[in-house]
Every structure is written in C-alpha cells, then in structure tokens.
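Structural characterization, general
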Amino acid sequence: MTDADDLRRRTAELLAARPPATTERLDFLRARFDAGLAWVHFPQGLGGLDAPRSLQAVVDAELDAAGAPGNDPGRIGIGLGMAAPTILQFGTDEQKQRFLRPLWTGEEVWCQLFSEPGAGSDLAALATRAVRERESWIVDGQKVWTSSAHLARWAILIARTDPDVPKHRGISYFVCDMTDPGVEVRPLRQITGEAEFNEVFLTGVRIPDTHRLGEVGAGWKVAQTTLMNERVAIGGARTPREGGMIGVAAADWRARPELRTHDLHQRLLKLWVEAEVARLTGERLRQQLTKGQPGPEGSGMKLAFARLAQEISGWEVEFLGEDGLTYDDWTMRRPDGVDFTGREAGYRYLRAKGNSIEGGTSEVLLNIVAERVLGLPPEPRTDKDVAWKDLPR
C-alpha cells in the first residue's frame, strides 16, 4: 500500500535521477509521469500508483520545494480535467497508452467539441452527425464556444449517430484529430476583445472507429463523466485561504484606504466569508473524490464560483472607481488561457460575465442541484421519448 513516506521516497529518487536544475522541462515531466507521480490515483503505468488521490499533495509539495517544473495546468486544463478522466473510465488500453502521457506533459493540447449554436443548455439536442463508413465515421456539423481549439491537437467530440431514437440515446463519443482535413477553427471575439473561444466547423471529417470512447449510442453516458469533471475543474480548483479573486479584492482594499466606505467594507466582508465557505466546500468535495467519481455536487460548486466571480469583480470595479475601468489592450488576441488574478480589474469584470454560461449555464446547474442533490421533482420534459428527427428545430 502506497503511503506518504513511500511517495516522498519515490519523489526523492526522481529528483536525484532528474535534477530539475539540469534536466530539460519535458524530460522531467515525462520521467515524473513514468514514475507514477503525475496523478498518483491513476493506475500504475498510466502516470499513477493506484494511491489515494489525497496523497497527490505530498508529491506536489516535495516537487515545489525542489523547484521542479510544472505542466502548466492553465494551458492544458481541458485535457487534465475533462479528457483524462473520461479516457481513463471509458477508453481502451490502447487509447489510454496513446493519449494520457502526452496529455499530462502538455505535449498535446485538448479541446472540447460539445456545444453547438442550437444545442447549448440543451446539449442533447446536438445536430452534428457522424455516419458510419466501414471502420470510420464521417462527421459533419458545427461546434461553438470551444476553448483552446486554436491550440489543440485533439478534441473530445460528441455527435449524433442515430437520429431515429430519442435525443439522449442517439449520441456517440469520439476523439477527433484537430489537424485532420475538414476541421476549420474560427475565432470568436469576446467582450474582453480577445478570442480564447472558437467556433469549429467539421466537414467530412473522417474519424477511425478506434477513436470512439464507449459503445455506439452510449455517448451521453460518457459525456456525463466529462461534464461532471468539468464542473469540478471549474468550480472546485484548490486555492489557499484568501486566494483567487477575493485575494485580489482584499489586496486592493488594503492598498487604497482613501477609497474605503462603510458600505463597501460590509460587502467585502460578506464576499470574503462566502469565498471562504466555497473554498472549504471545495476541499470537502475533493476529499469525496478520493472515494469515487464526481457527482452532481460539482454543479453546486460551479454555481458558487460563477456567482462569486461576478460579484467580487463588480465590487472591485466599484471600489476602484475610474481606475477599475482601465484595460490594457483591446487588440484582438488569441490567448492560451484565462488569467483572473494577473490582469486588470476591468478585464476581470468583463471576463467573469461568461462564468455563468461556460461549463453549463447557471440555470441548467440549478436544475441539476434541485433534482439530483435535493431530490426535488424534475421539470416536465415532453421531448424525452420523441425521436430526435421528429423534434421541432
């Protein structure tokens, strides 16, 4: 049984064999993966040691103290938080061996081809088609709000493979090569002026059947694993006390005493307490994850994250006054990721508006919490047993 002392010993052996000061970053990351210290709860041979998830913190602390390089999780978050757990649960042995190592090291960036112009909140209504042609699938359709598509080598993709059954039952799940012919990525400029999102057009894209995850027609079940992990990744990221956006707001308060008012003070205290409650709830959720897959509780965390990000950024803009409206550059850019704490207050305020849409709208997540956490009666759904091809669009 792997314990904390064993992990410290293994980490020390890695550092001795691959000193961070003299080892190329990618070589170190590959060696860390091969030593089972990438994500210790994964199986042996796939970057882990079948150890409790909670022991990952032991490894991370030892490596941080030694100045070891990281794998830039902000840039490869979709691969780490969404693709990897889905591949682990539903992928074949060949798929796990092929995809997980370069995914974790950051050699291959992933994106998520789920939402469509007519299937966002109602994702199961998606219209992208995948038609079987011998040992391949020919995919045609359009996806939207795709983070990192302009950087990605691979995508997790859901497409309709049977229009003659109800919408949830006619979906299959694939891994799509973003460099294949027929894949076109177009930037979507946002309110921030940047284009971290994209729309993706798929025209006659050929995907081998060996890149299918799960059974044909069972893609909705596979997608649920991705979505639950996505919400945990967005809403349950580990932060220190007074970390994240509330830490920036608190620093502003301490640095600008001339701007303080009683009302702003009371509101900041309330937001600070709510942020701390959300942080501790996230810690409890991560402890629950050590015993199994994420459940609907992650939707509650994502809800809290979106609301707090918008309220804190709004407070900050109001507190800073005209300085809160400054923004460095409206030039169209295609960034690697989102930086909520390293940019100006104006950027945070604008970018936070998307938090209640991306990763599941707040309205949909409220339904999930109501039905799956609180056990309330579900909303009436008249399309549940109707074939997708017969639904009005």
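The structure reproduced in this document is the subject of the present report. These numbers were taken from a predicted model, which means no experiment stands behind them.

With that out of the way, let us pick up the overall build of the chain. Across its full length, the chain carries eleven helices and eight strands. In summary, the chain has a C-alpha radius of gyration of 22 Å against a globular reference of 21 Å for 393 residues, a match within 12%. Counting only C-alpha atoms, the chain reaches 70 × 55 × 45 Å along its principal axes. For the chain, long-range pairs separated by at least 24 residues make up 71% of all intrachain contacts whose partners lie at least 6 apart in sequence.

The next subject is the pattern of salt bridges. Applying the stated criterion to the full structure yields 38 salt bridges. Between R256 and D323 there is a salt bridge, with the nearest N and O atoms lying 3.5 Å from each other. You can see R256 sitting in the loop between α7 (244-255) and α8 (262-289) and its partner D323 sitting in the loop between α9 (297-320) and α10 (345-351), a full 67 residues away along the chain. Taken together, the shared-partner salt bridges connect D6, R9, R10 and E13 into one network.

Once that is clear, we can look at the packing of α9 against helix α11 (residues 362-373). Any two packed helices are characterised by how steeply their axes cross, that is the angle between the axes, and by the distance between the axes. The N-to-C vectors of α9 and α11 enclose an angle of 145°; their axes lie 9 Å apart at closest approach. The element α9 and its partner α11 pack so that their crossing is left-handed. Contact with α9, carried on its side by E297, S299, G300, K302, L303 and A306, involves S362, L365, L366, I368, V369 and V373 of α11 and no other residues of that element. Residue composition of the contact of α9 with α11, grouped by class: seven nonpolar, three polar and two charged.

Moving on: a nonpolar patch on the surface. A surface patch of nonpolar side chains, about 280 Å² in accessible area, is lined by V373, L374 and L376. Within the secondary structure, L376 sits in the segment after α11.

Right, let's talk about the nonpolar core for a bit. Ranked by internal contacts, the top residues of the largest apolar core, which has 55 residues, are W39, W110 and M178. By residue number, the principal contributor to this core is helix α4 (residues 77-90), which donates seven residues. Residues within four places of M178 in sequence aside, it is in contact with C111, L113, A149, A152, R153, W154, A155, V183, V185 and V200. Counting residues in each nonpolar core, the second largest holds 18 residues, with M245, L264, L320 and A352 among its members.

This paragraph deals with the environment of L29. By the element assignment, L29 lies in helix α2 (residues 25-34). With relative accessibility at 0%, the residue L29 sits in the buried group. In this structure the C-alpha to C-alpha distance between L29 and R254, which are 225 residues apart in sequence, comes to 39 Å. Once residues within four sequence positions are removed from consideration, L29 is found in contact with P69, G70, N71, W104 and T105.

Looking now at the side chain of N198. Along the chain, N198 turns up in strand β7 (residues 197-208). Of note is the side chain of N198, whose polar atom sits 2.5 Å from the side chain of R334. Each residue touching N198, except ones within four places of it in the same chain, is listed here: V144, W145, T146, S147, S148, A149, H150, V185, R186, P187, L188 and R334.

Moving on to the state of the cysteines. Per the counting criterion, the structure on display carries zero disulfides. Of all cysteine sulfurs in the structure, the one in C176 sits closest to C111, which takes part in no disulfide; the separation is 7.8 Å.

Here we come to the pairing of strand β4 (residues 154-160). Most of β4 is tucked away, with seven of its seven residues classed as buried. Judged by which residues are buried, β4 turns out to be covered on both faces: W154, I156, I158 and R160 on one side and A155, L157 and A159 on the other are all buried. As paired elements, β4 and strand β5 (residues 171-177) share seven bridges and run antiparallel to each other. Residue L157 lies in a different strand from β5, and its bridge partner there is F174.

The subject of this paragraph is the packing of helix α1 (residues 4-17) against helix α3 (residues 56-65). It is the contact of α1 with α3, at a shortest axis distance of 9 Å, that shows an interaxial angle of 35°. Regarding α1 and α3, the two cross each other, and that crossing is right-handed. Residues A4, L7, R8, T11, L14 and L15 of α1 lie in contact with α3, whose contacting residues are V58, V59, E62 and L63. Looking at the contact of α1 with α3, its residues break down into seven nonpolar, one polar and two charged.

For the structure shown, the criterion picks out 13 aromatic pairs. Plain terms: the ring middles of W315 and F319 are 5.0 Å apart, the flat faces sit at 10° to each other, and that makes the pair stacked. Here W315 and its partner F319 are both found in helix α9, four residues apart, which amounts to about one turn of the helix. Each member of the pair W315 and F319 is classed as buried. A connected cluster of aromatic rings, assembled from ring pairs, spans F33, W39, F42 and W104. One cation-aromatic arrangement involves R186 over F201; the distance from NZ or CZ to the ring centre is 4.0 Å. Across from the ring centre of Y347, 4.0 Å away, lies the NZ or CZ of R343, which sits over that ring.

Both strand β2 (residues 129-133) and strand β3 (residues 136-143) contribute to a ladder of five bridges, which runs antiparallel. Across the sheet, R132 pairs through a bridge with W137, a residue of β3. Count of turn residues in the β2/β3 antiparallel hairpin: two residues, of which R134 carries a positive phi of about 55°.

Conventions we followed
Residues numbered from 1 in each chain as written. Predicted model: local features only at pLDDT ≥ 70, side-chain atom pairs only at ≥ 80, totals over all residues. Heavy atoms only, no water. Helix = DSSP H or I, 4+ residues; strand = E, 2+ residues; numbered from the N terminus. Rg over C-alpha atoms; globule rule 2.2 N^0.38 Å. Contact = heavy atoms within 4.5 Å. Salt bridge = Lys/Arg side-chain N within 4 Å of Asp/Glu carboxyl O. Axes fitted to C-alpha atoms, helices over the stretch in contact; angles between N-to-C directions. Left-handed = near helix turned anticlockwise from the far one by under 90°. Nonpolar A, V, L, I, M, F, W, Y, C, P; charged D, E, K, R; others polar. Patch = residues over 30% accessible without salt bridge, like charges linked within 9 Å, V, L, I, M, F, W, Y side chains within 5 Å. Areas by Shrake-Rupley, 256 points an atom, 1.4 Å probe, with all protein chains shown as cover. Core = buried A, V, L, I, M, F, W, Y, C linked by side-chain atoms within 4.5 Å. Buried < 20%, exposed > 50% of the residue type's maximum accessible area, 1.4 Å probe, protein only. Polar contact = N/O pair within 3.5 Å; in protein donor to acceptor, adjacent residues only side chain to side chain. Disulfide = S-S within 2.5 Å. Pairing = 2+ DSSP bridges. Phe/Tyr/Trp six-rings, centres within 6.5 Å; stacked < 30°, edge-to-face > 60°. Lys NZ or Arg CZ within 6 Å of the ring centre and 35° of its normal.

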